[in-house]
Amino acid sequence: MRKFLLLISVLVATIANAQESGQKRGLYEENVSSSDHLRAEQAKELDAYIHLMALDKRRLAAIFKPDYTSPRAFEASAKGLRKRFADSIGYPPPNGSIRDKPIFIRIGEDDLGVYYRAQIPVVEGVHAEGIYIVPKGIVGKVPLVISMHGGGGSPEVALFHGGANYHDMVRGAVKRGYAVFAPQHLFNAPGYPGDIRTKTDDRLRLIGTSLTAIEIAKITRSLDVLVKRPEIDAKRIAMVGLSYGGYYALVVPALEPRIKVAVSSCYFGVQEFRYEADELGVPTDFRFMDRFSLFRDSEIGALICPRPLLIQAGKNDDAPHRDMGIRLAPEVAAYYERLGKSDAFQFLVFEGGHEFHDQSAWDFLQRFL
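All residue numbers refer to positions counted from 1 along the written sequence of the respective chain. With the structure being a predicted model, the display of local features is reserved for residues of pLDDT at least 70 and the display and counting of side-chain atom pairs for 80 or more, all residues being used for whole-chain, interface and lining totals. Only hydrogens and water are removed before side-chain values are computed, so all heavy atoms of the structure are retained for them.

K.L.:
It is not clear to me how the nonpolar core should be interpreted in this structure. Could you clarify?
P.N.:
Nonpolar side chains in soluble globular proteins tend to end up buried together. We define a nonpolar core as any set of buried Ala, Val, Leu, Ile, Met, Phe, Trp, Tyr and Cys residues linked to one another through side-chain atoms lying within 4.5 Å. Each residue gets one of three labels from its accessible area relative to the maximum for its type: buried under 20%, exposed over 50%, partly exposed in between, using a 1.4 Å probe on protein chains only. Counting 75 residues, the largest nonpolar core has Phe85, Tyr132, Leu144, Met239, Tyr248 and Leu309 as the members making the most contacts within it. For helices the rule is a DSSP run of H or I covering at least 4 residues; for strands it is a run of E covering at least 2, with both sets numbered from the N terminus onward. Among the elements that take part in this core, helix 10 (residues 244-255) stands out by supplying 9 residues, more than any other. Residue contacts are defined here by distance: any two heavy atoms, one from each residue, within 4.5 Å place the two residues in contact. With sequence-adjacent residues up to four places away left out, Leu144 is seen in contact with Tyr132, Ala179, Val180, Phe181, Leu223, Leu226, Ile232, Arg236, Ile237 and Ala238. Judged by nonpolar contacts, the second largest core, of 28 residues, contains Val180, Ala361, Leu365 and Leu369.

K.L.:
Is there a simple way to explain the sheet that holds strand 4 (residues 142-148) in this structure?
P.N.:
Think of a sheet as strands paired side by side through backbone hydrogen bonds, with each pair either parallel or antiparallel. The criterion for strand pairing is that DSSP finds at least two bridges linking the strands in question. In space, the 9 strands of this open sheet follow the order 1-2-3-5-4-6-7-8-9, with mixed pairing throughout. Looking at strand neighbours, the two that pair on one side only are strand 1 (103-109) and strand 9 (345-350), the edges of this open sheet. The sheet shows a mean angle of 20° between the axes of neighbouring strands, direction not considered. Relative to strand 5 (residues 179-184), strand 4 runs parallel, the two being bridged by 3 bridges. Directly across from Ile146, in strand 5, lies its bridge partner Phe181. Along the sheet, helix 9 (residues 211-226) makes contact with strand 1, strand 2 (113-123), strand 3 (126-135), strand 4, strand 5 and strand 6 (232-242), crossing strand 2 at roughly 120°. Across the sheet, helix 13 (residues 323-338) touches strand 8 (309-314) and strand 9, and the angle it forms with strand 9 is around 160°. Only the contacting stretch of a helix is used when fitting its axis, a line to C-alpha atoms as for every element, and angles between N-to-C directions run 0 to 180 degrees.

K.L.:
Explanation requested: the pairing of strand 2 in the structure shown.
P.N.:
Most of strand 2 is tucked away, with 9 of its 11 residues classed as buried. In terms of strand pairing, strand 1 meets strand 2 through 6 bridges, oriented antiparallel. Among the inter-strand pairings, Ile105 is bridged to a residue of strand 2, identified as Arg117. Remark: 3 residues form the turn of the hairpin made by strand 1 and strand 2, two consecutive strands paired antiparallel. Taken together, the 10 bridges between strand 2 and strand 3 define a ladder with antiparallel strand orientation. For Val114, the partnering residue across the bridge sits in strand 3 and is Val134. Linking two consecutive strands that pair antiparallel, namely strand 2 and strand 3, is a turn of 2 residues; a positive phi of about 80° is found at Gly125 within it.

K.L.:
Would you mind going over the pattern of salt bridges with me for this structure?
P.N.:
Between side chains of opposite charge, pairing is possible as soon as their charged atoms come close. Salt bridges are counted wherever a side-chain nitrogen of Lys or Arg sits within 4 Å of a carboxyl oxygen of Asp or Glu. Evaluation of the coordinates by the stated rule reveals 25 salt bridges. For Asp36, the salt bridge goes to Arg39, with nearest N and O atoms at 2.4 Å. Of the two residues, Asp36 and Arg39 are both situated in helix 2 (residues 36-55); the distance of 3 residues between them amounts to about one turn of the helix. Under the relative-accessibility criterion, Asp36 is labelled partly exposed at 40%. With a shortest N-O distance of 2.5 Å, Asp56 and Arg58 are connected by a salt bridge. According to the relative accessible area criterion, Asp56 is buried, its value standing at 14%.

K.L.:
Would you take a moment to explain helix 9 for this structure?
P.N.:
Because the α-helix completes a turn every 3.6 residues, residues three or four places apart line up on one side. Take the residue count of a helix, subtract one, and multiply by 1.5 Å to get its expected span. Between its first and last C-alpha atoms helix 9 spans 22 Å; for 16 residues at 1.5 Å apiece the expected length is 22 Å, and the two agree. By the criterion of burial, helix 9 is predominantly enclosed, with 14 of the 16 residues buried.

K.L.:
When you look at helix 5 (residues 79-89) in this model, what are you seeing that I'm missing?
P.N.:
Turning to helix 5, its buried residues are Leu81, Arg82, Phe85, Ala86, Ser88 and Ile89. Buried residues of helix 5 fall within an arc of 160° about the axis and therefore sit on the same side. Gly90 sits one or two positions beyond helix 5 and adopts a positive phi of about 75°. Directions are taken from the helix axis to each C-beta atom, and the arc is the one they span.

K.L.:
Explain a nonpolar patch on the surface to me, please; I cannot follow it from the model alone.
P.N.:
On the surface, a cluster of nonpolar side chains totalling about 320 Å² of accessible area is made up of Leu46, Tyr49 and Ile50. Mapping Ile50 onto the fold places it in helix 2. Note on patches: the residues involved have over 30% relative accessible area and no salt bridge, like charges join within 9 Å, and the nonpolar side chains Val, Leu, Ile, Met, Phe, Trp and Tyr join within 5 Å. Note on areas: these come from Shrake-Rupley sampling with a 1.4 Å probe, and a residue is covered only by the protein chains present in the view.

Below is the structure:
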């Protein structure tokens with residue numbers, strides 16, 4: 001302690017001597033604190049700028065000029081926005097050389113179908129994992145449904161032992177004669193830390209991509225393989241998902257035109273709700289470039305339009321998973337309405353909580369797929 005006090009005394013004396021010496025030489029001196037108000041002003045200006053740009057629609061208007069003369073013209077007018085979205089997340093991810101072949105291992109069967117564990121190469125050394133189900137008794141080609149689990153989940157959680165809050169999100173498709181691919185995304189892994197998702201996303205951004213881009217690619221590259229299977233009708237592909245899976249049921253169809261129908265459950269508007277309450281309360285894997293200036297969920301909906309889109313929200317779910325979606329849904333509906341496609345968009349607040357609403361989803365697919 002005595003040595004520490006001595007050191008402080010020496011430093012104070014040195015500074016004083018330097019100031020005195022400067023004054024003797026006629027040098028101008030000023031207290032460091034004299035610019036405190038300028039630093040505070042910098043912080044204030046940047047805070048105001050961030051809020052201003054988040055609300056400024058001019059950049060979006062410059063990139064996206066919807067052409068409502070026809071559905072095809074509308075899709076063409078969205079190409080620039082779609083490209084910017086892909087760039088913002090680093091999609092497609094750097095590929096490398098893919099030498100592995102897809103693997104489908106039969107793991108079981110029941111009265112509904114035959115179950116396979118699939119492993120499909122995506123980028124160099126990285127595979128999509130999931131469960132693939134072929135319904136029994138099919139004649140000819142059948143539609144394919146991508147069924148995406150939520151945060152902390154897995155295909156097995158969504159499929160087996162009643163499906164928890166997923167209910168019939170996987171087997172419901174099989175019951176209706178659709179083939180199903182239920183992919184696995186990274187949320188936890190034995191032997192790895194609990195924040196493996198966040199850390200992996202951070203590391204991927206340092207090499208020019210993101211976990212969102214990789215996980216989208218796990219689905220799109222799987223489609224490359226699945227559409228070649230003899231039982232699949234490549235023109236009839238849908239995607240459904242709950243919670244985090246609902247996120248992917250938006251962003252994957254936004255970039256993948258082969259997906260003709262989408263059902264996003266208990267997700268729409270969640271990050272916008274969090275952003276409004278606390279900008280940095282948004283999980284890091286949703287903080288890609290321009291997320292809240294160009295690519296709100298309503299703009300992602302525009303990238304799906306005019307393909308049929310059903311958005312579900314539970315009446316008894318928590319506010320983030322419902323309230324902002326109610327506010328944003330009319331913006332998406334407007335795109336469909338101006339194209340004369342009002343029936344192809346539906347926003348449903350159902351009686352229930354954070355769960356997949358089977359009946360509306362399968363009715364929607366039956367109608368449009």
